[in-house]
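Chain and residue survey
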Amino acid sequence: MESEATGEKKLSSKPKKGSYIVPLAGAAALLTLAASLAITAFNHRRNSKRKDLPGCNFRVNLSTGEILKLADRIIAKSKEVHDAVASVPLDKVTYKNVILPLAELEAQQFPLVQSCVVPKFVSTSDKVRKATVEAEKKIDAHVSSCSEREDVYCVVKAFAAKGEWMGPEARHYVQCLIRDFERNGLDLTATKREEVQRLRAQIDELSYQYVHNLNYDATYLLFSENELAGLPTEFLKTLEEVENGKLKVTLKSNHVAAVLELCKIGKTRRLVAMTCGKRCAKTNLSVLEELVQARHRFARLLGYSNYADYALSFRMAKTSSKVLEFLEDISSSLSDLAHKELALLKELKKQEEGELPFGVEDLLYYVKKVEQQEFDLDFGALKQYFPVNLVLSGIFKIHQDLFGLRFEEIANADVWHSDVRVFSVFDLSSGEILGYFYLDMYTREGKYGQTCVVALQNGSVSFSGARQIPVALLISQLQKDIGSTPSLLRFSEVVSLFHEFGHVAQYMCNRASFSRLSGMRVDPDFVEIPAHVLEHWCYESFSLKLISGFHQDITKPIKEEICKSLKRWRYSFSALKLKQEVLYCLFDQIIHSADNVDIVELFKHLHPKVMLGLPMLEGTNPASCFPRCAIGYEASCYSRIWSEVFAADIFTTKFRDDLLNRNVGMQFRTKVLAKGGAKDPVEILSDFLGREPSIRTFIDNKIECSLRQ
């Protein structure tokens, strides 16, 4: 297939008129930049002429026919390269005739594959979205067949046996190729390989069945309005009214969360929590048991002692024993603080409901109640201080001052919707272009419903030394301007935007040579750490004032008292909340690291042990309604906590005392963000911190902040 790579042309730019370089500080800088963003966006919409991005091979606005034809060309070119590699005699293998063709194929084809697939997330055309689904199925089937090619595996293995490496990064890349082949059973006999494929199909079917049962569970409860006392009138109006004026509460997350957080009636909360905890018990408990056993058999065929060790073998944690130790250390270290938090909640319930025992169904309600009493936070009013362009300009300034990045909006770039904006990212010192990112912020019909960063083109270096620059897409679900009122962000959306820009920075700063080790293709335990680091700026007074301003007068940031309340609110009841998450993570890890576990009894045992004596609700078993352990996060539910813990260590140790320290920021960029998947994550973090990462800082932060409550 023809390559449109223009990587050999050096792409660079010096700061020029219109660039988002901010020499000013504070409100003056952000007022200038926010105005610039708004004017540029207006001009961007006015001018209909479109232009391509130099060095970007991601294709925009393909028709349905073009998508399907491109998918066919991708497959044909891939088959041609794999056939050529497979034809190399085993005694003639070299880096140039085996490894290089596969590496360059990945780099060249990834943006083309994404051109076929990404429109399903963002296109306004139903026909285009359907075409992308069809193209994705064809490409996925081809990729799957390539991963099972024994002839290619033998050639790659022969090269690895020669030990003629081009360097440590190339060695790691080859090891990844071999690992992926062998995780498909290519080092097994034909009979065992067939069993691996059969088990994989069975695992996929059981995972789907578990989630399907939950998605189509139609259980509901009926309550009078009095039984739902405390819930807002606006929420009650959304409930379906049925027989005898009763209101229908489903077990969908928005209904359950509202009742458990806001309903004053303890019996109602308890009934909703119990019914929710019994969802799909008759079907999903047996499905999960069968699923876990199939996973263990699958892992053992591939040479692992259990499924957890299979899943963790290429993650930072490495082994299930290390994960269990990590979770138990977190839980035990927070027990004293959690006891104090629970005692406060129990006393509050006693005051409101008398001597009724405190149960898990009461946690959300009384936590919410304390937070409303203790913190002067009106999140509806707070939203008035976060106009989207001001928040964006603050994020750009923080990334500029910390990491030496300059952002410049590209007027008239070819995009799929008029709301979409495109930015170049430059190195502030040299003017070298580092990459591009698309910003698709506003909600619309047919658009993907979550906030995330999607890779469009991974950075890489060709054999000739030409660099392919990274290209990414940030999708969010913000509401557009209404009349003269600009688009305003909820505080949770501000945090989410900071998190995703952490991924953008990680993507732009990555200097890995291989596409497979670039962008977001890093250790799954590591990939969220930089984004979690950036979230910390949302809770510091200095940065909160930098990114906030009343929408009618952006020179007026949020007050110091509100900044302090937000930080205190972040840590309120954090030990109890985390122990509840640890409970589920322990369950997930134990069932995937041991044989013949009684999943009903396991939760009964773990619940009071982790949750300070609070028993499970009678007749419930969370194992029947815990989709994360069934699909997507099996044996790795711990990973979110893992990322948060080590991100806290990084922020507290290196950034907290000087939030815009360019020297530290540049060290983070070069030692952490730039490495990608080319180096062991523990080595990366240890090099940056000057020691191995530790959970102690995370624990100390929570205890320290609780003392200030």
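Located above this text is the structure these notes cover.
Residues numbered from 1 in each chain as written. Predicted model: local features only at pLDDT ≥ 70, side-chain atom pairs only at ≥ 80, totals over all residues. Heavy atoms only, no water.

**A closer look at the overall build of the protein chain**
Within the protein chain one finds 28 helices and 10 strands. Scaling as 2.2 N^0.38, a compact globule of 709 residues should have a C-alpha radius of gyration of about 27 Å, and the protein chain matches this with 27 Å. Each principal axis of the C-alpha atoms in the protein chain carries an extent, and together these give about 80 × 65 × 55 Å. Burial status across the protein chain gives 55% buried among its 709 residues. Across the protein chain, contacts joining residues at least 24 apart in sequence account for 75% of those joining residues at least 6 apart. As presented, the protein chain carries roughly 30,800 Å² of accessible surface, and 52% of it is formed by carbon and sulfur atoms. The centroid of the 92 positive side-chain charges in the protein chain is displaced by 4 Å from the centroid of its 90 negative side-chain charges. (Helix = DSSP H or I, 4+ residues; strand = E, 2+ residues; numbered from the N terminus. Rg over C-alpha atoms; globule rule 2.2 N^0.38 Å. Buried < 20%, exposed > 50% of the residue type's maximum accessible area, 1.4 Å probe, protein only. Contact = heavy atoms within 4.5 Å. Areas by Shrake-Rupley, 256 points an atom, 1.4 Å probe, with all protein chains shown as cover. Lys, Arg positive; Asp, Glu negative; His and termini not counted. Charge placed at Lys NZ, Arg CZ, Asp CG, Glu CD.)

**Brief notes about unusual backbone geometry**
Notably, L612 is not glycine yet its phi reads approximately 60 degrees, a positive angle. Here L612 is to be found in the loop between helix 24 (599-610) and helix 25 (639-655). On the basis of relative accessibility, which here comes to 15%, the residue L612 falls in the buried class. The backbone of A635 shows a phi angle near 65 degrees, a positive value even though the residue is not glycine. Within the fold, A635 resides in the loop between helix 24 and helix 25. Given a relative accessible area of 0%, A635 falls into the buried group.

**Side note on the sheet that holds strand 1 (residues 220-223)**
The strands that make up a sheet are held in pairs by hydrogen bonds between backbone atoms, and each pair lies either parallel or antiparallel. Reading across the sheet, the 3 strands line up as 1-3-2 and stay open at both edges, with antiparallel pairing between neighbours. Here the strands that pair on one side only, and so sit at the sheet edges, are strand 1 and strand 2 (240-241). (Pairing = 2+ DSSP bridges.)

**Structural notes on the sheet that holds strand 6 (residues 433-442)**
One open sheet accounts for 5 strands, arranged 4-5-6-10-7; its pairing is mixed. Edge positions in the sheet fall to strand 4 (405-409) and strand 7 (452-457), since each has one partner strand and no second. Strand-to-strand twist across the sheet, computed as the mean angle between neighbouring axes with direction ignored, equals 25 degrees. The pairing of strand 5 (residues 421-427) with strand 6 spans 6 bridges and is antiparallel. Within the sheet, the bridge partner assigned to F423 lies in strand 6 and is F437. Strands strand 4, strand 5, strand 6, strand 7 and strand 10 (471-478) of the sheet are contacted by helix 19 (residues 491-509), whose axis makes an angle of about 175 degrees with strand 10. (Axes fitted to C-alpha atoms, helices over the stretch in contact; angles between N-to-C directions.)

**A few points about helix 25**
For helix 25, with 17 residues, the first-to-last C-alpha span of 23 Å sits near the 24 Å given by 1.5 Å per residue. The element helix 25 is extensively covered by neighbouring structure, given that 13 of its 17 residues are classed as buried. (Expected span 1.5 Å × (residues − 1).)

**Examining the packing of aromatic side chains**
On inspection of all chains with the given rule, the structure shows 38 aromatic pairs. The interplanar angle of 80 degrees and the centroid separation of 5.5 Å between the aromatic rings of Y304 and Y310 together place this pair among those described as edge-to-face. On the basis of relative accessibility, which here comes to 8%, the residue Y310 falls in the buried class. The interplanar angle of 40 degrees and the centroid separation of 6.2 Å between the aromatic rings of F386 and F491 together place this pair among those described as tilted. Note that F386 is positioned in the loop between helix 17 (379-382) and helix 18 (388-403) and F491 in helix 19, a separation of 105 residues in sequence. Three or more aromatic residues joined by ring pairs make a cluster, and in this case those are F403, W537, F651, F655, F668 and F688. One Lys or Arg, K248, reaches over the ring of Y220 and ends 4.5 Å from the middle of that ring. (Phe/Tyr/Trp six-rings, centres within 6.5 Å; stacked < 30°, edge-to-face > 60°. Lys NZ or Arg CZ within 6 Å of the ring centre and 35° of its normal.)

**Some words on helix 23 (residues 574-591)**
When the terminal C-alpha atoms of helix 23 are compared, their 26 Å separation across 18 residues agrees well with the 26 Å that a helix rising 1.5 Å per residue should span. In terms of burial, helix 23 is a largely internal element, 13 of the 18 residues being buried.

**Brief notes about the environment of L105**
With respect to the helices and strands, the residue L105 is situated in helix 3 (residues 95-117). Relative accessible area serves as the criterion here: at 7%, L105 is assigned to the buried category. Sequence separation between L105 and F426 is 321 residues; the distance between their C-alpha atoms is 27 Å. If we ignore the near neighbours within four places in the chain, the residues touching L105 are K77, S78, V81 and H82.

**Some thoughts on the environment of E341**
Position of E341 relative to the elements: it lies in helix 15 (residues 335-353). Placed 26 residues apart in sequence, E341 and V367 show a C-alpha to C-alpha distance of 9.1 Å. If we ignore the near neighbours within four places in the chain, the residues touching E341 are F573, S574, A575 and L576. Only 2.8 Å separates the side chain of E341 from the backbone nitrogen of L576, close enough to count as a polar contact. (Polar contact = N/O pair within 3.5 Å; in protein donor to acceptor, adjacent residues only side chain to side chain.)

**Remarks on the packing of helix 15 against helix 23**
Packing of helix 15 against helix 23 brings their axes to within 7 Å, and their N-to-C directions diverge by 110 degrees. Taken together, the axes of helix 15 and helix 23 are roughly perpendicular relative to one another. Contacts between helix 15 and helix 23 involve S335, L337, A338, E341, L342 and L345 from the former and S574, A575, L576 and K579 from the latter. A per-class count over the contact of helix 15 with helix 23 returns 6 nonpolar, 2 polar and 2 charged. (Parallel < 35°, antiparallel > 145°, perpendicular 65-115°, else oblique. Nonpolar A, V, L, I, M, F, W, Y, C, P; charged D, E, K, R; others polar.)

**Quick word on the side chain of D427**
Inspection of the secondary structure assignment puts D427 in strand 5. Every residue in contact with D427, bar those within four places of it in the chain, is listed here: G404, E432, L434 and R669.

**Comments concerning the nonpolar core**
Core analysis: the biggest nonpolar cluster contains 165 residues, and L288, I330, F386, F437, W537, F587 and F655 have the highest contact counts within it. If one sorts the elements of this core by residue count, helix 19 sits on top with 11 residues. Sequence-distant contacts of I330, defined by excluding residues within four places in its chain, comprise L578, V582, V645, I695, F698 and I699. By size, the runner-up hydrophobic cluster in this structure holds 30 residues, among which are V81, V88, L177 and A512. (Core = buried A, V, L, I, M, F, W, Y, C linked by side-chain atoms within 4.5 Å.)

**Details of the pattern of salt bridges**
In the structure shown here, the tally under the stated rule is 44 salt bridges. Across the pair E182 and K157 runs a salt bridge whose closest N-O atoms are separated by 3.0 Å. Here E182 is found in helix 7 (residues 168-182), whereas its partner K157 is found in helix 6 (residues 150-162), with 25 residues between them in sequence. Exposure remark for E182: the relative accessible area of 21% places this residue in the partly exposed category. The exposure class of K157 is partly exposed, given its relative accessible area of 37%. Here E361 and R270 are joined by a salt bridge, their closest N and O atoms 3.1 Å apart. Residue E361 is found in the loop between helix 15 and helix 16 (363-374), and its partner R270 is found in helix 11 (residues 266-277); the two are separated by 91 residues along the sequence. (Salt bridge = Lys/Arg side-chain N within 4 Å of Asp/Glu carboxyl O.)

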